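Chains, contacts and geometry: an overview
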Amino acid sequence: MSQRAVPGVRAQKPRRFVPRFHWELLVCGLAGHELVALDAARVDDPVIARDEGGTRWHRCLRCDSWLPLALPADPARDVPPGRDEIELPLRGRPLRDKIVLRLIAVNRAAHFIGLALLALAILLFSANRADLRDTVLRVTGDITGESANGGAGARNGITHRLDELFSLRSSRLHLFAAIASVYALVEGVEAIGLWYGKRWAEYLTLIVTASLLPVEVYELSEHATPFKVLAFLINLAVVVYLLYAKRLFGLRGGAAADEALKEQDVGWPALEASTP
């Protein structure tokens, strides 16, 4: 079907080939729109709402959508709250950063739980291995067909590996548990700091994650698995995001440039600039 030119309307080519992802629409789709003046008899601020022909067009203060609703039949107030009384929702870069940082925080919280459980398991194993050794070796031998007492033919078998594990000194097991506990504590601190958007948590996460990348590369070179590859890609993406998007260590203007860009997306000046 051919398109006809409409007088006064001019088509404009998009400024970017890949459409921009709107975090505001994602949050509004999950949490609902941020509307004001729902209970006001009249509207005196065209930035937040407008009355036209018995219909009130409410503007979402997060995603800029305009929603038509009927005028309130029993208004609770004469006019909407003043701008100084309205708490504006996050939008633009601040909203994106909050979502991404909280996703990283959830990932770090999962690491915290896994490492804490590992440390606990090591301590329980160290305290009860004398009671577990014979039972575990016997059951493993019955399942694999290997001798529970080892032997020349079982030097590389599962039973032999388990026997070596049970032979570890308690001091070494306690060291492993302490290392796992320290890493769990660091991951927990990262998760809490990132959830609340703390700048120091971004630095801590970047340093810890970047320091582990060489170890992950070595592990992949020795034996690559889908889980190891996925974990490496996630950690690499975290490092790139923190360096590039969050401008850590002064990259791309540092914290000052980051704050200046955020100011373009928050506050009433940003809403006024995008008001039709």
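No experiment lies behind these values; they were computed from the predicted model shown. (Residues numbered from 1 in each chain as written. Predicted model: local features only at pLDDT ≥ 70, side-chain atom pairs only at ≥ 80, totals over all residues. Heavy atoms only, no water.)

**Things to note about the overall build of the protein chain**
Counting its regular elements, the protein chain contains eight helices and three strands. Buried residues in the protein chain amount to 30% of all 276 residues. Restricting the contact set of the protein chain to residue pairs at least 6 apart, pairs at least 24 apart contribute 65%. (Helix = DSSP H or I, 4+ residues; strand = E, 2+ residues; numbered from the N terminus. Buried < 20%, exposed > 50% of the residue type's maximum accessible area, 1.4 Å probe, protein only. Contact = heavy atoms within 4.5 Å.)

**A word on the sheet that holds strand β1 (residues 49-52)**
Strand order in the open sheet formed by three strands is β1-β2-β3, and the pairing between neighbours is antiparallel. Strands with a single pairing partner mark the edges of an open sheet, and in this sheet they are β1 and β3 (66-70). Here the average twist between neighbouring strands, direction ignored, is 25 degrees. Two strands pair when backbone bridges link them, and strand β2 (residues 55-59) and β3 are joined in this way by five bridges, in the antiparallel orientation. Residue pairing in the sheet places Arg59 in a bridge with Trp66 of β3. (Pairing = 2+ DSSP bridges. Axes fitted to C-alpha atoms, helices over the stretch in contact; angles between N-to-C directions.)

**Describing the pairing of β2**
Pairing geometry for β1 and β2, over four bridges, is antiparallel. Each bridged residue has a counterpart across the sheet, and for Glu52 the counterpart in β2 is Thr55. Taking the residues between adjacent antiparallel strands as the criterion, β1 and β2 are bridged by two residues, where Gly53 takes a positive phi near 60 degrees. Taken together, β2 and the strand that follows it, β3, pair antiparallel across an intervening segment of six residues, in which Asp64 is found at a positive phi of about 70 degrees.

**Overview of helix α6 (residues 226-244)**
Counted at 1.5 Å a residue, the expected span for α6 with its 19 residues is 27 Å, and the 27 Å between its end C-alpha atoms agrees. Looking at α6, one finds that the buried residues are Phe232, Asn235, Val238, Val239, Tyr241 and Leu242. (Expected span 1.5 Å × (residues − 1).)

**Digging into the nonpolar core**
Core analysis: the biggest nonpolar cluster contains 15 residues, and Leu101, Ile104, Leu194, Leu206, Tyr241 and Leu242 have the highest contact counts within it. Those elements that provide at least two residues to this core are α2 (92-144), α5 (199-222) and α6. The element contributing the most residues to this core is α6, with five residues. Beyond its immediate sequence surroundings of up to four residues, Leu194 is in contact with Leu101, Ile104, Ala105, Arg108, Ala201, Glu202 and Thr205. Ala37, Ile48, Leu61 and Leu271 belong to the second-largest nonpolar core, a separate cluster that totals 10 residues. (Core = buried A, V, L, I, M, F, W, Y, C linked by side-chain atoms within 4.5 Å.)

**Let's talk about the environment of Leu271**
Along the chain, Leu271 falls in helix α8 (residues 267-273). Separated by 207 residues in the primary sequence, Leu271 and Asp64 have C-alpha atoms spaced 8.4 Å apart. If we skip the residues at most four places from it in the chain, Leu271 touches Val47, Arg59, Leu61, Asp64, Leu88 and Arg91.

**A closer look at the side chain of His58**
Mapped onto the elements, His58 comes out in strand β2. A relative accessible area of 2% places His58 in the buried class.

**As for unusual backbone geometry**
For Phe249, which is not a glycine, the phi torsion comes out positive at approximately 55 degrees. Residue Arg252 is not a glycine yet carries a positive backbone phi of 55 degrees. Structurally, Arg252 can be placed in the loop between α6 and α7 (254-263). A relative accessible area of 37% places Arg252 in the partly exposed class.

**Points about helix α4 (residues 170-195)**
Under the 1.5 Å per step criterion, the end-to-end length of α4 is 37 Å for 26 residues, consistent within 8% with the ideal 38 Å. Those residues of α4 not exposed but buried are Leu173, Ala177, Ala180, Ala184, Glu187, Gly188, Glu190, Ala191, Gly193 and Leu194. Positive backbone phi, approximately 70 degrees, marks Gly197, located one or two places after α4.

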